[in-house]
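# Tertiary structure, described
As a plain string of letters, each chain reads:
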Amino acid sequence: MAIARPVRALALAVFFVCCFFLYTIWRPASSTKSSADFHGTIERDPNLDPTGEPEGNLVRATEGYAPGIAGTSRINATILALVRNEELDGMLQSMQDLERTWNSKFNYPWTFFNDVPFTEEFKRRTRAATKAETRYEVIPNEHWDVPSWINDDLYKESVKILEENEIQYADMISYHKMCRWNSGLFYKHPALADVQYYWRVEPKVHFFCDIDYDVFRYMQDHNKTYGFTITLYDAPKSIPTLWPETNKFIAQHPEYLHENRAEQWLTDRERRPIHNQEANGYSTCHFWSNFEIADMNFWRSQTYEDYFNHLDRAGGFFYERWGDAPVHSIALGLFEDKSKIHWFRDIGYQHIPFFNCPNSPKCRGCVTGRFTDGEAWLNKEDCRPLWFKYAGMK
């Protein structure tokens with residue numbers, strides 16, 4: 001039996017209404033993972049181009065880098081790791097990679113930090129992984145504990161908001177403490193009082209390329225403050241008041257701004273507009289600080305000390321999830337000459353899920369030019385294109 005035309009029209013209308021209703025429910029949300037928050041392109045990775053060593057004079061390994069007191073060529077620098085006893089296997093993996101590719105030639109000391117004493121097993125096995133000196137330090141309580149001005153009730157309520165926004169590690173008080181310590185307290189430890197340069201290394205990272213020059217001497221001889229391999233976007237809802245607090249500080253201390261700063265890298269709103277909006281004017285670009293080679297004199301400067309103290313009193317290390325990566329990066333981008341920040345493109349590196357993999361015969365174990373081995377959308381997290389745009393590749 002034929003269906004009357006009005007009934008067919010009504011059925012068709014109901015069908016379209018249902019389709020629209022389902023679309024409104026299931027359509028992709030406007031989020032930091034959606035195309036709405038990415039107005040750029042995935043550029044050709046510059047690591048596909050042949051990569052050599054940095055330009056200029058480089059210091060090679062000699063007898064002066066022998067282990068122990070015979071190593072008179074080493075400068076006041078250390079490899080630095082904040083690590084728990086239970087992360088021993090991951091730390092040994094990182095040590096083996098860095099010793100194989102670099103430190104077995106230069107024998108810089110390893111300095112390990114923990115908020116509790118290291119076990120004898122940790123000491124024994126890490127000593128066996130290197131010919132260099134190893135040092136084991138406990139973080140003072142006054143550097144690790146939650147500061148007195150943090151309100152516990154407000155912290156707990158803030159954690160709920162962070163969790164609602166799916167911010168990773170929001171409820172881990174130890175993570176908040178770690179971010180604060182890495183941001184503004186690690187270089188104040190007595191064990192580092194006479195140390196100027198450090199190379200930060202975390203458990204479970206990989207190094208892929210042979211490095212045949214003293215990276216600390218490179219930093220010193222070429223007047224570099226900070227070296228990085230990877231720069232990313234941060235989760236904007238983890239740091240909504242970091243940039244507003246930074247602007248308050250700048251208003252109080254405009255004299256601290258460097259004339260050759262990388263401010264545009266920090267404030268770009270074109271490539272990831274939702275990031276900029278949710279972070280209240282901050283692009284969220286930052287150097288991924290699980291790898292950093294740096295001069296601690298910058299952190300020890302009056303400028304940085306004042307900036308960190310301002311942020312510390314604001315409470316965002318606990319009421320939000322301010323990380324040392326954005327804090328360090330904002331300070332470097334505003335208060336340092338951007339020409340003193342160096343991309344170590346020749347150091348092959350991985351911290352899951354991101355890579356820096358150069359096109360060099362000295363590298364093995366990574367795919368040249370691959371930024372991530374995770375989902376395709378992770379390629380949007382690469383902030384190097386903005387750094388190259390505003391600061392160059394040197």
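Below you will find a few notes about this structure.

Next up on the list: the packing of helix 2 (residues 88-106) against helix 3 (residues 120-127). Packing of helix 2 against helix 3 leaves a shortest axis separation of 10 Å and a crossing angle of 15 degrees. Accordingly, the angle class assigned to the pair helix 2 and helix 3 is roughly parallel. By crossing handedness, the relation of helix 2 to helix 3 is classed as right-handed. Contacts between helix 2 and helix 3 involve Leu-88, Asp-89, Met-91, Leu-92 and Met-95 on the former and, on the latter, Glu-121, Phe-122, Arg-125 and Thr-126. Partitioning the contact of helix 2 with helix 3 into residue classes produces 5 nonpolar, 1 polar and 3 charged.

Here we take up the pairing of strand 2 (residues 110-114). Within strand 2, 5 of the 5 residues are buried, which leaves it mostly tucked inside the rest of the structure. Alternating positions in strand 2 separate into two faces, Trp-110, Phe-112 and Asn-114 on one and Thr-111 and Phe-113 on the other, with burial throughout. Sheet analysis places strand 2 next to strand 3 (residues 134-138), joined by 5 bridges and oriented parallel. Bridged to Asn-114 within strand 3 is Val-138. The parallel pair strand 2 and strand 3, bridged by helix 3, forms a crossover whose chirality is right-handed.

What follows covers the pairing of strand 1 (residues 77-82). With respect to burial, strand 1 is a largely interior element, 6 of its 6 residues being buried. Residues Ala-77, Ile-79 and Ala-81 line one face of strand 1 and the alternating positions Thr-78, Leu-80 and Leu-82 line the opposite face, and both faces are buried. As judged from the 4 bridges shared by strand 1 and strand 4 (residues 197-200), these two strands associate in the parallel manner. By the bridge assignment, Leu-80 is partnered in strand 4 with Arg-200. As judged from the 4 bridges shared by strand 1 and strand 2, these two strands associate in the parallel manner.

With that settled, consider the sheet that holds strand 5 (residues 206-207). Read from one edge to the other, the open sheet built from 3 strands follows the order 5-11-12, with strand pairing classed as antiparallel. Each edge of the sheet is formed by a strand with only one pairing partner; in this case those strands are strand 5 and strand 12 (354-356). Across 2 bridges, strand 5 lies against strand 11 (residues 349-351) in antiparallel orientation. The residue of strand 11 that forms the bridge with His-206 is Gln-350.

With that settled, the discussion passes to the sheet that holds strand 6 (residues 226-228). Spatial ordering of the open sheet is given by 3-2-1-4-9-6-10, a layout of 7 strands whose pairing is mixed. The sheet terminates laterally at strand 3 and strand 10 (341-343), the two strands that pair on one side only. Each neighbouring strand pair of the sheet contributes to a mean axis angle of 20 degrees, computed without reference to strand direction. On top of the sheet, helix 2 reaches strand 1, strand 2 and strand 4; it is set at about 160 degrees to strand 2, its chief contact.

Packing of helix 12 (residues 302-314) against helix 14 (residues 324-335) brings their axes to within 11 Å, and their N-to-C directions diverge by 135 degrees. Accordingly, the angle class assigned to the pair helix 12 and helix 14 is oblique. With respect to the hand of their crossing, helix 12 and helix 14 are arranged in right-handed fashion. Listed contacts from helix 14 to Thr-303, Tyr-304, Tyr-307 and Leu-311 of helix 12 are Val-327, His-328, Ile-330, Ala-331 and Phe-335. Its residues placed into classes, the contact of helix 12 with helix 14 shows 7 nonpolar, 2 polar and no charged.

Next up on the list: the state of the cysteines. This model, assessed by the stated rule, comprises 3 disulfides. For Cys-209, the disulfide goes to Cys-363, at an S-S distance of 2.0 Å. On the sign convention where negative is left-handed, the bridge of Cys-209 and Cys-363, at about 105 degrees about the S-S bond, is right-handed. Remark: Cys-363 occurs in the loop between strand 12 and helix 15 (384-391) and Cys-209 occurs in the loop between strand 5 and helix 7 (215-221); sequence separation between them is 154 residues. When sorted by exposure, Cys-209 lands in the same class as Cys-363, which is buried. The disulfide that involves Cys-357 links it to Cys-366, with 2.0 Å between the sulfurs. Linking Cys-357 and Cys-366, the disulfide has an S-S dihedral of approximately 80 degrees and is accordingly described as right-handed. Both residues of the pair, Cys-357 and Cys-366, belong to the buried class. When the bonded cysteines of the protein chain are counted from the start of the sequence, the pairing works out to 1-4, 2-6, 3-5. Cysteine Cys-179 is unpaired, with the sulfur of Cys-285 as its nearest cysteine sulfur at 18 Å.

The rules behind these values
Residues numbered from 1 in each chain as written. Predicted model: local features only at pLDDT ≥ 70, side-chain atom pairs only at ≥ 80, totals over all residues. Heavy atoms only, no water. Axes fitted to C-alpha atoms, helices over the stretch in contact; angles between N-to-C directions. Helix = DSSP H or I, 4+ residues; strand = E, 2+ residues; numbered from the N terminus. Parallel < 35°, antiparallel > 145°, perpendicular 65-115°, else oblique. Left-handed = near helix turned anticlockwise from the far one by under 90°. Contact = heavy atoms within 4.5 Å. Nonpolar A, V, L, I, M, F, W, Y, C, P; charged D, E, K, R; others polar. Buried < 20%, exposed > 50% of the residue type's maximum accessible area, 1.4 Å probe, protein only. Pairing = 2+ DSSP bridges. Right-handed = clockwise from strand over helix to strand, strands pointing away. Disulfide = S-S within 2.5 Å.

Just geometry here; none of it tells us what the structure is for.
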